[in-house]
Amino acid sequence: MERVSALDEPLKKLLGGATAKVMADHLGLHTVGDLLHHYPRRYEERGRLTSLTDLPVDEHVTVVAQVADARIMAFNGGRGKRLEVTLTDGSGKLQLVFFGHGVHKPHKELLPGRRAMFAGKVSVFNRKTQLAHPTYQLLDAPPEGSAGDPEADVAEAVDAFAGRLLPIYPACKQLDSWRIAKAVDVVLPSADRAVDPLPAALREGRGFVPLPEALHKVHRPQTKADVADARARLKWDEAFVLQVALARRRYADTQLPAVARRAVTGGLLDAFDATLPFTLTEGQLKVTAEIFGDLATEHPMHRLLQGEVGSGKTMVALRAMLTVVDAGGQAAMLAPTEVLAQQHQRSITEMMGELAEGGMLGGSDRGTKVVLLTGSMGTAARRQALLDLVTGEAGIVIGTHALIEDKVQFHDLGLVVVDEQHRFGVEQRDALRSKGKQPPHLLVMTATPIPRTVAMTVFGDLETSVLDQLPAGRSPIASHVVPAADKPHFLARAWERIREEVEGGHQAYVVCPRIGDDDEKAQQKKEKKDGPEADKRPPLAVLDVAAQLSAGPLAGLRVEVLHGRMAPDDKDDVMRRFAAGRVDVLVATTVIEVGVNVPNATAMVIMDADRFGVSQLHQLRGRVGRGSAPGVCLLVTEAHGASPARARLGAVAATLDGFELSRIDLEQRREGDVLGQAQSGVRSSLRMLTVVDDEEIIAAARAEAVSVVAADPGLERHPELRVALDALLDKDREEYLDKG
């Protein structure tokens, strides 16, 4: 085990307590292995030696020169100090400047007559060429342990210094990159004892360098080719180890028992299909076949159903639920908010008609009960819902996290449908699954299209089905950016457009980032924390905007508000009246982002659109154009033309393809919050691999992982891979993968 423990050694044993504490507290690095996997973010090229006469501005150079003069100058009324050093190499002169605390060491060392190498970026100040805060190495004294020719020693030192790639590490205020580099020098010998997780045949087949060599090359490369070798190898490790963990999870699922729920002829599903006023799309039929196939097996289905906004996911999920009810089981649908749970219950009850009134007067004898269970229900209604679940009277239950509480018991839970996966913690999913006599089948729905690489990485334990066709009769949505700061008359035109839609018999949404009133202080605090781009005025609020519109550009129209702080009954009342056409304009927060279905709503104005993410804007926009009339979405922003925020809005306006937008979103946010926070809240274990750029690696690693796990599920023949799984996947993330 000695080879294993070298990388598990605590950093404080090698680096001392103070440095180790800073690394642990601020960089999350605790062991030698952690530090060896803390890779340089980039490398500075010190550049070949350059004569002082022809220094290229804005480039990194390395010069050898003699100090001609060094003096400390005061500035800012004597409060600041700077050290100015003049160099000469016989061909020309160059000035160096050091400021603040950085003046003490060079002031002692850079004495007139000393010879040294200097590396830095060339700039011009007061028409003089200079290097600010360059790194340097004195050349007067021969290198340690040298007994040879001083000129040859200097030439060797110059060569080593000038030609090297200087690693720049992700650092923090308390620990800068060069101190991290020194710490890496201390632990680098331990890399020789790193356990190699890649099976030898795989490593040799793909021509990868061994792991110890990759670690040396990534931290102390001699050439750019070294960096490329190391990165290729280390990316593969991350992709492969993560895919092995997911493949083991999928394999374990296939070993779990579940009750097969096979479709029954002449049951509830057939009765429901007979009432449908339209035919299902090809995509819906294909996905349904995949789901029905999974439900008919004796191990639990784990399937992710991704679909564009409005592609008919709820219809697919409902038919799966009816199949399970036909087979004698119950189905539960878990929604992230009460508004959405109520919406689902209403639309499913409407879709099923008398089939949703099983056991009731006038209900169908083939029907079942569809019940709602949320935290804010009255005691009597709640008691009745719980009773219907435990007796099996209710075949379908729709609810929020209230479904997960201990006192909720099912008669025979056969299927769990989770809506909007990214809003549900893994723990909640797990708790609901444990309510079946055997693990129930699981269908996860998301309306945020996920790029293939993220699906393979974050949702790698789920099989994926994609609905990418819109049902017939859905209209395209025209989207436009409204630059309120540059062209205020565009905003006035936007409100005229809303009035025109209402006069044409339609309805509209206005979306704002904030509610207003007492959330203002909290928001301002957040704004300050979020940095300079956000540190402008607070985002627009529902309550203020609604009041301004009612008194101004939309005076005379029926304007109402909807937000998360309203009482559930009030929210429901507003939504019902909006759906019934008794409200013209609904001013809301993102509470309407998912699931709200009002086909008569044709226009949406999103205020401060630059404050929303790409996927969120796509979700919001999907609330309009749900009927036969075309939809329009206006993205109002004060962001200026050249800003990244405007580019993001331009991308949303330019395409309705959710998969394309999710790729843009991912490229902009990178994967920190896509992977790390995706479901479990733990830190991403990916340091070298980027899900944006490395799709081929992830796909290839997945295929290799599947074949390794199929041949050796317990990894008995791959002890090094088991060790790497423990090291790379910290306890939290391992647990999260186990819960699936």
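Let me begin by describing the structure that accompanies this report. Worth saying up front: this structure is predicted, and the values here are computed from it rather than measured.

## What about empty space enclosed by the protein?
Part 1: As enumerated under the stated definition, the model contains two cavities of 30 Å³ or more in all.
Part 2: Its volume calculated, the largest cavity comes out at about 50 Å³.
Part 3: Around the largest cavity, the lining residues are A258, V259, R261, D412, L413, G414, K437, Q438, P439, P440 and H441.
Part 4: Counted by class, the lining of the largest cavity contains five nonpolar, three polar and three charged residues.

## Considering the packing of aromatic side chains
By convention here, two paired aromatic rings are described through the distance between centres and the angle between planes.
Part 1: Taken as a whole, this structure holds six aromatic pairs when the rule is applied.
Part 2: Measuring from ring centre to ring centre gives 6.1 Å for F118 and Y136, while their planes differ by 40 degrees; the resulting arrangement is tilted. Of the two residues, F118 is situated in strand β5 (residues 115–125) and Y136 in strand β7 (residues 135–138); the sequence distance between them amounts to 18 residues. Accessibility assignment for this pair places F118 and Y136 in one class, buried.
Part 3: Consider the rings of F208 and W236, whose centres lie 5.7 Å apart with planes at 50 degrees: the pair is tilted. In this pair, F208 is assigned in the loop between α8 (200–205) and α9 (211–219) and W236 in helix α10 (residues 224–255), connecting sequence segments 28 residues apart.
Part 4: Of the aromatic side chains, those joined through ring pairs into one cluster are F98, F118 and Y136.

## Topic: the sheet that holds strand β14 (residues 441–446)
Part 1: Strand order across the open sheet formed by seven strands is β11-β12-β10-β13-β14-β9-β15, with parallel pairing between neighbours. Only two strands of the sheet have a single partner each, and these edge strands are β11 (369–373) and β15 (463–467). Each adjacent strand pair in this sheet contributes to an overall mean axis angle of 20 degrees, direction not counted.
Part 2: By the bridge criterion, five bridges tie strand β9 (residues 302–307) to β15 in an arrangement that is parallel. Paired with L304 across the strands is T464, a residue of β15.
Part 3: On top of the sheet, helix α13 (residues 313–326) reaches β9, β10 (330–334), β12 (394–399), β13 (413–419), β14 and β15; it is set at about 170 degrees to β13, its chief contact.
Part 4: Sheet contacts for helix α15 (residues 379–391): β10, β11 and β12; angle to β11, the most-contacted strand, approximately 130 degrees.

Procedures and definitions
Residues numbered from 1 in each chain as written. Predicted model: local features only at pLDDT ≥ 70, side-chain atom pairs only at ≥ 80, totals over all residues. Heavy atoms only, no water. 1 Å grid on protein atoms, 1.4 Å probe; cavity = no way out; pocket = protein on both sides within 12 Å on 5 of 7 lines; lining within 4 Å. Points joined across faces, edges and corners; volume = space filled by probe spheres on them. Nonpolar A, V, L, I, M, F, W, Y, C, P; charged D, E, K, R; others polar. Phe/Tyr/Trp six-rings, centres within 6.5 Å; stacked < 30°, edge-to-face > 60°. Helix = DSSP H or I, 4+ residues; strand = E, 2+ residues; numbered from the N terminus. Buried < 20%, exposed > 50% of the residue type's maximum accessible area, 1.4 Å probe, protein only. Pairing = 2+ DSSP bridges. Axes fitted to C-alpha atoms, helices over the stretch in contact; angles between N-to-C directions. Contact = heavy atoms within 4.5 Å.

The quantities given are spatial measurements derived from coordinates; they are silent on function.
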